[in-house]
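# Understanding the architecture of this molecule
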Amino acid sequence: MMDHSFLCVLGLFLLRTSIDANAEEDEAKVTLTADSSIIPEGGSVTLTCSLKVPARFTYELYRNNHVKLSEKPGGVFKISEGGKYTCRGFRRIRRYFYTSFSNTVFVQQTVSNRVTVTLQPSWTLIYRGETITARCEIQEGGGTQWTYEWRTTRLNRPPSSREHWISRVTDSGDYSCRGRRDEFYLTQWSDVVSVTVSASKPRASLAADSSILPAGGSVTLTCSVDHSADWKFNWFRDGSVYPAAQLRNNNEPGGVIRVSQRDLYRCRGGRGEPVFYTEDSHDVTIAEPLSMKPTVVLQPSWTLIYRGETITARCEIQEGGGTQWTYEWRPTRLNRPPSSREHRISRVTDSGDYSCRGRRDDFYLTQWSDVVSVTVSASKPRARLAADSSILPAGGSVTLTCSVNHSADWKFNWFRDGSVYPAAQLRNNNEPGGVIRVSQGGLYRCRGGRGEPVFYTEDSHDVTIEGTISMKPTVVLQPSWTLIYRGETITARCEIQEGGGTQWTYEWRPTRLNRPPSSREHRISRVTDSGDYSCRGRRDEFYLTQWSDVVSVTVSASKPRASLAADSSILPAGGSVTLTCSVNHSADWKFNWFRDGSVYPAAQLRNNNEPGGVIRVSQGGLYRCRGGRGEPVFYTEDSHDVTIEGTISMKPTVVLQPSWTLIYRGETITARCEIQEGGGTQWTYEWRPTRLNRPPSSREHWIIRVTDSGDYSCRGRRDEFYLTQWSDVVSVTVSDKPRPVLSVSPSWLSPGSSVTLRCEIKPPSAGWRFYWYKAVPDLLNNRYSYDLLPGSTAGTEDDSYIIHGQTHTAGYVCRAERVDRVYSSDHSKPTFVWSEDVHPAASLTVNPDRVQHFTSESVSLNCGGNSAEWRVMRFTETHHLSRCSSWGRMTGSSCNMNMNHSGVYWCESGSGEFSNTVNITVQNDDDGVILVSPVHPVTEGASVSLSCRLREQNTLSSVSFYHNDKLLQHDGREELNISAVSQSDEGFYKCQHAGKTSQQSWMSVTAVSRPESSSFPVLLMVGSVIGIILLIFLLLLCLCKRSKDLCCIRWIQSQSSSQSSSSHPGVNQNETNQYSSPLHDADESRDGTYSLIELKHFGKKRRHHEPEESCVYSEVKTGTAESTPVYADINHENKGKAKRKNKKSTPVYANINHENKGKGKRKNKKSTPVYADINHENKGKGKRKNKKSTPVYAEINHENKGKAKRKNKRKWSPAAGDAAVYSEVGLGAALDNNAAM
């Protein structure tokens, strides 16, 4: 028992061990897979070795009979060689455990040898009976042992073959091949070559360029086999039968011969070895021409016949004699043997173009005849009957014409039938002309017939001929309204005068009314009944009256609205207004009138059913009307209300608060409608412009926006129907915030000259006070700060400001404030006055040192002076102000740029200084020339050289130089050299070379001061001025003596000294801003010095003059030089008895020339005038009020002939010529010129 149990346990253990081993063996089964079975050229293939339970296994890869290549834990291998591959896995826990080997994977490798399929012969189309060879060619194969694989696969039967024969129809297909070496190496597949083996033997094709031999010429024959090549051709000429054909030009390869004999020709092709022949071509006949030309004759000669008719076409050959002819026809279907001279044409399929020719002795042909076209129609024709009129005129006749379209030789049968066709009377039967005239009404028809036996057409359609009765009916409307409305009805009746007891039927237009039974009248009531109505009467079927005249009737879909109009909407005082009620385009209305002072249902009926449509009313109120007509009455819609308003004699006033008619954006005024003597009346208000009339009605409106500008008026309304008159119009303008525009004169400075600033408000308006600022560069904030100018703290009433002794470049700004209220404009843009003189604290130099430059040329602008910070500014001819960083590169004190704009350039320092200015001109033409001239003024006595250059050439010869547009030098020299520059050399220069002219540039000359002789001219000038003033005083004393007055002379300062030193509330001492500024003037005015002298006269006698008197000038000149005139403005105050009111005095000018005869002489120089303003004040018994005195000017010319010289410069400026600036102070009552003298 114990042994038995042991055996059972041992058996169970062995069974368990066997089961575990089998399970482990199943889990350790390895699989090898490849992502491709072929390695591409230069590429690789990935092999993957895997287990069902892959944990902790490493894999080994083997190639070709278990040659181990590598081992990897992941089981993924990349291979680049063909071969037979297997793998296995292993792991070690207590001992090494190896799996069995995997399945085998075959991988083939692609080699680079090129493979080509070649055909021998190279025919891709062959025929059953021909054979070609397809060979697989491997390039650079060397002595390698290749086996070959083909597509199509049927060729791959062992043993492997390099070439195959193609000869059977089943061999047709696409051929390609590749080579295999050492089992695992393959080439790529060759390109495909398509081969077709045709089952049918080909037939040669023979073509002739003509079938007729020209006289003495030849014909070209071409033999070919379609879609194949390499054929040689056999040619045959046979004059009678094919088997006896003579071999001609056999085996000609070209396929083309020329023949010059008439005969029967054929050909065939052959190729290959042994020769494969095509079928013989069809015969081609080459014939000689005859000069005869046949004619196709039709019998009868009808080119259009119908099914059932027959004609014969015959081929006629003239001058044929007894010749035996055969005939050839077109169309070719007629050429069935035996040859026939004529053909019968009767069927529809016989339609076509017919021509023929004759053949004699087989190879002689006539020409083709002209074509004759014949049409056989399938349908039987219908005769066409037409009448020149369907109405018989009284006592006249109608012409009937019967025809059959597009055919001839018809005879016609005519029929007249007054009732039914079988009873028709045969009339004028078989008339050939097709035309008859009839004078009776009736029903007519016709038919045509021709040929033998006769072929008849279908009968024509019936034509009705009707007799005319001279009566003309009339369409009568009852009521006679041509415009009615939906809901109204009228009757249209056909009236025939003198109809007696005749029985009439009626015919209407529009034809929709002609429904049986015939009716004499019709009711019109629907919208669709609108239209033109006319009628006629019919008697005894074929007799008609004329048509009546047309009557147009319109039925409107919409109910009409009465229209109410008043000749005025305002009742005149004690008068009346005419109201007119109407309904457009219709008549016979009676009208109802209504007046309703409140709501329509309570309206009072007034003058009801007045037919005239016009009433007069004398009360205000709301009026309306309506119309009615017909039985029962049809009413229109009520008219729109018309308001009649009474007039109140009051006239309102539009009052502005404040009373400003010009305001600016940001300000507000109120417009109020004031009605005087209104008492406690309750008013509503109506305004113009109407946009103000938004409910609720308002007595006043704010005016604040620019769009509020306009004309304002108002009126009042009381008790709805009573109105005041319109007020007078008050015009209000709301303007955008004004911006002042600052101008300077002059804009280019002469040293020490005065500068006049003028501030102009845009748009122009009065009532401003002006503030004046100097622009100071602020480099830190990249802008300008503004400093008030002296005497500008409280502003000036005058819009101009004079700056004396300006020597260097500077910028200015102005601002304006309203005098009547607190309102300020913006600051103007900075405007600059420029100077070429170098400032010791700031200077600008240019490299290259010349005024003119080419576009994109590299230029350096360098700033120098007492500052570490600089910026370079530019002002262009287009009035654009910008800094260097916008168009160049600022590095320290230098601005480097590629020149692109003409303009004025200057430096600004961090300490607020302006440098001298440089005017630079740009030449935009790359092929143009420029003038090389100095940028800065040339010192008098120094030397200077000017030259002309191109962009790529520095010096030019044969150059012409011009000074102020006058030719200065033209002698072939390259430069214009001035050894000692004088004032006369100052001006505009330009050069010219090879027909190209440079732009002009200004060259300034700086005078050299001479201290040793400067005191004498000054003393002489001062003495001269004092002497001349004494002469003026003596003259005035004489005048005072004559008038027994005492003359008092007092000098008045040329600018007002009454400016307050206290700061104005509207002025900010430290205001700053940054703007661009306008361009400077094109030419400069000369400097002026002004003084104001006030004279008081105490004479009694006065002489009366006109309000406007002319200026009187007194001018004294000494020497030849032109000195600087000085003008004195003298105020005369007249205290005499004579009174002159509202008179404007006339300025008197005295021009005094001072000649300085020092050692230095200056010729041809024009001096600068100095004016003194003389005010005449009359303090006599006679008083003159509201008078603006007229300044008297004395002009004093100073001529300096010493060494010291004064410059007179002209710069780039808008206008040439002298200009003087005058300042008047303390003008009293004007003294007339005679009294002053």
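Fair warning: this is a prediction, and the values are worked out from it, not measured in the lab.

## Some points on the pairing of strand β66 (residues 710–718)
- Note that strand β64 (residues 684–688) and β66 share 5 bridges and pair antiparallel. Bridge pairing links Tyr685 to Gly716 in β66.
- Bridge count for β66 against strand β68 (residues 730–735) is 3 bridges, and the pairing is antiparallel. Bridge pairing links Gly710 to Val732 in β68.
- From the end of β66 to the start of strand β67 (residues 722–723), which pair antiparallel, there are 3 residues, and Asp719 there has a positive phi angle of about 55°.

## A few points about the state of the cysteines
- By the definition in use, this model includes 12 disulfides.
- Disulfide partner of Cys581: Cys625, at an S-S distance of 1.9 Å. Residues Cys581 and Cys625 are joined through a disulfide that is right-handed, its torsion about the S-S bond being 80°. One end of the pair, Cys581, is in strand β54 (residues 577–582); the other, Cys625, is in strand β58 (residues 621–629), and 44 residues separate them in sequence.

## Notes on unusual backbone geometry
- Here the residue pair Gln120 and Pro121 is connected by a cis peptide bond, since its omega of -5° sits within 30 degrees of zero.
- Mapped onto the elements of the fold, Pro121 is located in the loop between β10 (115–120) and β11 (125–127).
- Backbone torsion omega between Arg330 and Pro331 reads 10°, so that peptide bond is classified as cis.
- Along the chain, the position of Pro331 falls in the loop between β30 (326–330) and β31 (342–345).
- Even without a glycine there, the phi angle at Ser856 is positive, about 70°.

## Brief notes about the confidence of the model for the chain
- Chain-level statistics for the chain give a pLDDT mean of 78 and a share of 75% at 70 or above.
- Averaged over each element, pLDDT in the chain is lowest for strand β95 (residues 1048–1052) (30) and highest for strand β88 (residues 960–963) (95).
- Confidence drops under pLDDT 50 across residues 17–23; counting only partners more than four residues distant or on other chains, this segment forms 0 contacts.
- The low-confidence segment residues 1042–1237, where pLDDT is below 50, has 625 contacts with residues more than four positions distant or belonging to other chains.

## Let's talk about the pairing of strand β84 (residues 918–923)
- Here β84 lies mainly inside the structure; 5 of its 6 residues are buried.
- Relative to β84, strand β77 (residues 852–854) runs parallel, the two sharing 3 bridges. Looking at β84, one finds that Phe854 is bridged to Gln923.
- Of the strand pairs in this sheet, strand β83 (residues 903–909) and β84 are connected by 3 bridges, and their pairing is antiparallel. Along β84, the bridge assignment pairs Val904 with Asn919.

## Quick look at the sheet that holds β54
- Strands sit in the order β52-β54-β57 across an open sheet of 3 strands; the sheet is antiparallel. Every interior strand has two partners, whereas the edge strands, β52 (563–566) and β57 (614–617), have only one. Strand-to-strand twist of the sheet, defined as the mean angle between neighbouring strand axes without regard to direction, takes the value 25°.
- Bridge count for β52 against β54 is 4 bridges, and the pairing is antiparallel. Bridging across to β54, Ser563 finds its partner in Ser582.

About the thresholds
Residues numbered from 1 in each chain as written. Predicted model: local features only at pLDDT ≥ 70, side-chain atom pairs only at ≥ 80, totals over all residues. Heavy atoms only, no water. Pairing = 2+ DSSP bridges. Helix = DSSP H or I, 4+ residues; strand = E, 2+ residues; numbered from the N terminus. Disulfide = S-S within 2.5 Å. pLDDT = per-residue confidence, 0-100. Contact = heavy atoms within 4.5 Å. Buried < 20%, exposed > 50% of the residue type's maximum accessible area, 1.4 Å probe, protein only. Axes fitted to C-alpha atoms, helices over the stretch in contact; angles between N-to-C directions.

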